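Spelled out, the chains give:
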Amino acid sequence: MPSNGPTWDAKNLTRHHRKRVAEDPGCFEDLLGIVGVAMTESQYDLRSMAAVDKSWAEYEGESWEVKTQQYAEARAYFVDDELVVAVTDGFRNVFVTCFHEHFGRSHVAHSRGASVGQLRLLFRQHLTQEEQGRQIRKVRRLRGFNEK
Amino acid sequence: MVPARRTLGDGVQVEVWYLAQHFLLSWIDWSGLLDRYVGYFGQDEEVFPRTWATLDANCRSLAGQLRHDRQLGSLIRDDWYIPVAVNRLAGEPEPSVQSVYHEMVTNHRRLTLLGALQSLNGDESKYASVDMPDGRVWLDASETAQQLNTDLLKGWVVLSIHFRDSVLWHLRHYQRATLLASWLAPETGKDGANESALMTVLRKEQPVIPTIEQFSNQVSVEPRDRDLLRRVLERIQTAVADFSYANFVEDITSADFFPGDASAVGSNAINLIPGNRDDDCRTILLAVSRGDKRAIGFPAVMRQVREHLIRCSDKTRAVIILCDHWSPPMLDEHLADLRAHYSRGVRFLFLMAGTPGRILAPVGVDLNLSP
């Protein structure tokens, strides 16, 4: 990974920031402790970088894209203790997206005071099931999975 | 809270009950896979390292102790139940293919675990108590898992076909990855009473291939057209039986051939491919192919079928396609169109010439199933 970490393409940052704010209002705001206003692009940018810097897990894989019905190119995934997932290109130069994983449920339903250990175990099981269901393929677990 | 250094690293703690649940689910995943591997590949259990048998026995013993921990059962029940309750309060997000897949797999694992815990010892009555009527393990957790299962099945039927197909695609991969063959799956009660939603939806997606006679009953047409369909099917089978498929194809594709009541196709009130493309649209289309390379090869004929279905989308209801060879990829490029027409009510019957070349038999094509 470059010493200065991955960066966002400006257009992609805007697009994904808007997507996060529109599709899951309050989610990132809750993570950032923001009340009453929507998260800014800058805050989203910083939070995605933090997810990489403080990640406990790193893995690579090709994810299945429902819209295109094909697998994306290999990407790198970074997961932090709040299960914010930052996805970069395979070279870890550019952010592809950043989201908060709550396993298909609402952010409120997911946020129930689970310990860091519980969230880590939950995420690892989730990745295993994703792999078994071919939602992601060619997975390389690099950190955080009891790899030898 | 306890540390779990080996599993989670230094300085990370996890709830004891969650660790116990994680252990139990991981054990049943692993142990179940070993059993299915042995059964599926016809192997002996000794194919595995001896330490595995010891490990499994130790895990089984620990599981046997944990299942009598009522408090653990309650904590696990709360873990399974609360997200659903909160979801209802907070308003569920739109389900995604991924989330439905994960819910089905997760609840399948839970039910499998509960079934395994229940069967650890043969006689449960000695464990019966006020808290565990009839000796059932973790009654509340079991009821929660069963309710989730019921909810999953109820929600499944209202999903669109396309959505279900997408989920099934992932479920089939999970089924394959875990060797969850239907005959090796965890035992269920009578009539599949305890069957997980995952196994239910996979089981219901088994192909159904109608006979030639049943096909005519499936097509939604007027009685007069149904009689016509039956006559055409009977005539082409008879013509092929009398003259062979090769001769049948040669005759009806010749310039001398005109469909009629006494002809090899039984009627002039149908559309025929190869044939006159300017014909009026009819309820029944008969498409005849031979080989795969020429103008009457299967690929060329199928393209004409698709063109016809676009032109006659309001009229054609039954499509009979004859061929003399088959492999599953033959339909790949046509499947999307065929399934779209199928969803509109068009019914397809693929008949292949057998051995000797005087027999026609249905080919296994079920457009109602996901790929």
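Since the structure is predicted, the reported quantities are computational estimates derived from the model, not experimental observations. Along each chain, the written sequence defines residue order, and numbers are assigned to residues from 1. Here every chain gets a letter starting at A, and every ligand a number starting at 1, in the order they are written. Owing to the predicted nature of the model, reporting of local features is limited to residues with pLDDT of at least 70; listing and counting of side-chain atom pairs is limited to 80 or more, with chain, interface and lining totals taken over all residues. Working from all heavy atoms in the structure, the side-chain values ignore hydrogens and water.

Engineer: Looking at this model, I keep getting lost on the overall build of chain B. Mind explaining?
Structural biologist: The secondary structure listing takes helices from DSSP runs of H or I that are at least 4 residues long and strands from runs of E that are at least 2 residues long, numbered from the N terminus. From N to C terminus, chain B includes 13 helices and seven strands. For every residue, the accessible area (1.4 Å probe, protein chains only) is compared with the maximum for its type, and the residue is labelled buried under 20%, exposed over 50%, or partly exposed between those bounds. Within chain B, the fraction of its 371 residues that count as buried is 44%. The contact criterion used is simple: two residues touch if any of their non-hydrogen atoms lie within 4.5 Å. Long-range pairs, those at least 24 residues apart, make up 69% of the contacts in chain B between residues at least 6 apart in sequence.

Engineer: What is the right way to read the overall build of chain A from this model?
Structural biologist: Within chain A, the secondary structure is distributed over five helices and six strands. Listed N to C, the secondary structure of chain A is α-α-α-β-β-β-β-β-α-α-β in terms of helices and strands. For 148 residues, the compact-globule formula gives about 15 Å, and the C-alpha radius of gyration of chain A, at 15 Å, lands near that figure. Along the three orthogonal principal directions, the C-alpha set of chain A runs to about 45 × 35 × 35 Å. In chain A, which comprises 148 residues, the share counted as buried stands at 52%. Areas reported here follow the Shrake-Rupley algorithm with a probe of radius 1.4 Å; residue values treat only the protein chains shown as occluding. Surface exposure of chain A reaches about 7,200 Å², of which carbon and sulfur atoms provide 51%. Here chain A contributes 21 positively and 21 negatively charged side chains, and the mean placements of these two sets differ by 4 Å. The globule rule is 2.2 Å times the number of residues to the power 0.38, and the radius of gyration it is compared with is taken over C-alpha atoms. Counted as positive: Lys and Arg. Counted as negative: Asp and Glu. His and the chain ends are not counted at all. Lysine's charge is taken at NZ, arginine's at CZ, aspartate's at CG and glutamate's at CD.

Engineer: Please clarify how the sheet that holds strand β4 (residues 284–288) of chain B should be interpreted in this entry.
Structural biologist: All names here are of chain B. Strands are labelled as partners when DSSP assigns at least two bridges between them. With mixed pairing, the five strands of this open sheet are ordered in space as β3-β4-β5-β6-β7. Two strands lie at the open edges of the sheet, namely β3 (271–273) and β7 (360–362), each paired on one side alone. Sheet twist, expressed as the mean angle between neighbouring strand axes with direction ignored, is 20°. Here β4 runs beside strand β5 (residues 318–323); their pairing, made up of five bridges, is parallel. By the bridge assignment for β5, L286 is matched with I320. A fitted line through C-alpha atoms serves as each axis, taken over the contacting stretch for helices, and the angle formed by two N-to-C directions is quoted from 0 to 180°. Against the sheet, helix α10 (residues 223–243) makes contact with β4, β5, β6 (347–353) and β7, and its axis sits at roughly 5° relative to β5, the strand it touches most.

Engineer: Teacher, can you tell me more about the pairing of β6(B) here?
Structural biologist: Residues and elements named next belong to chain B. Burial runs high along β6: six of the seven residues are buried. Both β5 and β6 contribute to a ladder of six bridges, which runs parallel. Along β6, the bridge assignment pairs A318 with R347. The parallel pair β5 and β6 is bridged by helix α13 (residues 332–343), and the resulting crossover is right-handed. In this structure, β6 lies alongside β7, joined through three bridges in antiparallel fashion. Considered in β7, the bridge of M352 is made with A361. The handedness rule is simple: strands pointing away from the viewer, and a clockwise path from the first strand over the helix to the second, make the crossover right-handed.

Engineer: What is the right way to look at the packing of aromatic side chains in this model?
Structural biologist: Two aromatic rings from Phe, Tyr or Trp, using only the six-membered ring of Trp, form a pair when their centres are within 6.5 Å; if the ring planes differ by under 30 degrees the pair is stacked, by over 60 it is edge-to-face, and anything between is tilted. Inspection of every chain in the model, using the stated rule, returns 21 aromatic pairs over all chains. When the ring of A:W8 is compared with that of A:F95, the centres are 5.1 Å apart and the planes differ by 20°; the resulting orientation is stacked. One end of the pair, A:W8, is in the segment before α1 (10–23); the other, A:F95, is in strand β5 (residues 95–100), and 87 residues separate them in sequence. Both residues of the pair, A:W8 and A:F95, count as buried. On the basis of an interplanar angle of 45° and a centroid distance of 4.9 Å, the ring pair of B:Y37 and B:F41 is categorised as tilted. Chaining the aromatic ring pairs together yields one cluster made of B:W30, B:Y37, B:Y40, B:F41, B:F48, B:W52 and B:W183.

Engineer: Which parts of the structure should I look at to understand the state of the cysteines?
Structural biologist: Working definition of a disulfide: a covalent bond connecting the sulfur atoms of two cysteines. What counts as a disulfide here is a pair of cysteine sulfur atoms lying within 2.5 Å. Counted according to the given criterion, the structure contains one disulfide over all chains. A disulfide bridge connects B:C281 with B:C312, and the sulfur atoms are separated by 1.9 Å. Negative torsions about the S-S bond denote left-handed disulfides, and the value of about -70° found for B:C281 with B:C312 makes this one left-handed. Highlighted residues: B:C281 in the loop between β3 and β4 and B:C312 in the loop between α12 (298–311) and β5, separated in sequence by 31 residues. Residue classification places B:C281 among the partly exposed positions, given a relative accessible area of 24%. Residue classification places B:C312 among the buried residues on the basis of a relative accessible area of 2%. Take A:C27: it sits in no disulfide, and the sulfur closest to it among the cysteines is that of A:C98, at 9.7 Å.

Engineer: Got a minute to help me understand the confidence of the model for chain A in this structure?
Structural biologist: A low pLDDT score tells you not to read the predicted coordinates there in detail. For every residue, the pLDDT score states the predictor's confidence, bounded by 0 at the bottom and 100 at the top. Model confidence for chain A is summarised by a mean pLDDT of 91, while 93% of its residues fall at 70 or above. Considering each helix and strand of chain A separately, the mean pLDDT is smallest for helix α4 (residues 107–110) of chain A, with a value of 63, and largest for strand β3 (residues 75–79) of chain A, with 98.

Engineer: Please clarify how a nonpolar patch on the surface should be interpreted in this entry.
Structural biologist: Two distance rules govern patches: like charges are joined within 9 Å, and nonpolar side chains (Val, Leu, Ile, Met, Phe, Trp, Tyr) within 5 Å, applied only to residues with over 30% relative accessible area and no salt bridge. Definition used for salt bridges: Asp or Glu carboxyl oxygen within 4 Å of a side-chain nitrogen of Lys or Arg. Taken together, the side chains of B:Y40, B:F41 and B:W183 define a hydrophobic patch exposed on the protein surface, amounting to about 380 Å² of accessible area. Residue placement: B:F41 occurs in the loop between α2 (16–40) and α3 (50–66).

Engineer: Help me understand the interface of chain A and chain B, please; the structure alone is not making it clear to me.
Structural biologist: Accessible area lost during the coming together of the parts is what is often quoted as the interface size. Tallying the contact residues gives 29 residues for chain A and 36 residues for chain B. When chain A packs against chain B, close to 2,800 Å² is buried across both sides, 54% of that on carbon and sulfur atoms. Taken together, chain A and chain B are joined by zero salt bridges. Each polar contact in these results corresponds to two N or O atoms within 3.5 Å; when the atoms are within protein, one needs to be able to donate a hydrogen and the other to accept it, and residues that are neighboring in sequence are counted only if both atoms are side-chain atoms. For the interface between chain A and chain B, the tally reads twelve residue pairs in polar contact (both at pLDDT 80 or more). The set of elements that each furnish at least two residues to the side of chain A that touches chain B consists of α4 and α5 (116–132) of chain A. Note on residue categories: nonpolar means Ala, Val, Leu, Ile, Met, Phe, Trp, Tyr, Cys or Pro, charged means Asp, Glu, Lys or Arg, and polar means any other residue, Gly included. In terms of residue class, the side of chain A that touches chain B is built from ten nonpolar, 13 polar and six charged. Take the accessible area each of two parts loses on contact, using a 1.4 Å probe, and add the two losses: that sum is the buried area.

Engineer: Can you walk me through the packing of α5(A) against helix α5 (residues 97–118) of chain B in this structure?
Structural biologist: When two helices pack together, their arrangement is given by the angle between their axes and by how far apart the axes lie. Two elements in contact, α5(A) and α5(B), have axes separated by 11 Å at closest approach and are oriented at 110°. In terms of orientation, α5(A) lies roughly perpendicular with respect to α5(B). For the pair α5(A) and α5(B), contact is made by A:Q125, A:H126, A:Q129, A:E130 and A:Q132 and by B:Y101, B:H102, B:V105, B:T106 and B:R109, respectively. Tallied by class, the residues present in the contact of α5(A) with α5(B) amount to two nonpolar, six polar and two charged. For classification, angles of less than 35 degrees are called roughly parallel, those exceeding 145 degrees roughly antiparallel, those between 65 and 115 degrees roughly perpendicular, and all remaining angles oblique.

Engineer: What exactly am I supposed to notice about the pairing of strand β4 (residues 84–89) of chain A here?
Structural biologist: Consecutive side chains along a regular strand alternate between the two faces of the sheet. Residue and element names in this part refer to chain A. Within β4, six of the six residues are buried, which leaves the element mostly enclosed by the surrounding structure. Pairing of β3 with β4, which is carried by five bridges, proceeds in the antiparallel orientation. Opposite A76, over in β4, you have T88 as the bridge partner. The turn linking β3 back onto β4 is made up of four residues, and L83 within it adopts a positive phi angle of 60°. Where β4 lies against β5, five bridges are found, and the strand directions are antiparallel. Directly across from A86, in β5, lies its bridge partner C98. Linking β4 to β5, which pair antiparallel, is a turn of five residues; within it R92 sits at a positive phi near 60°.

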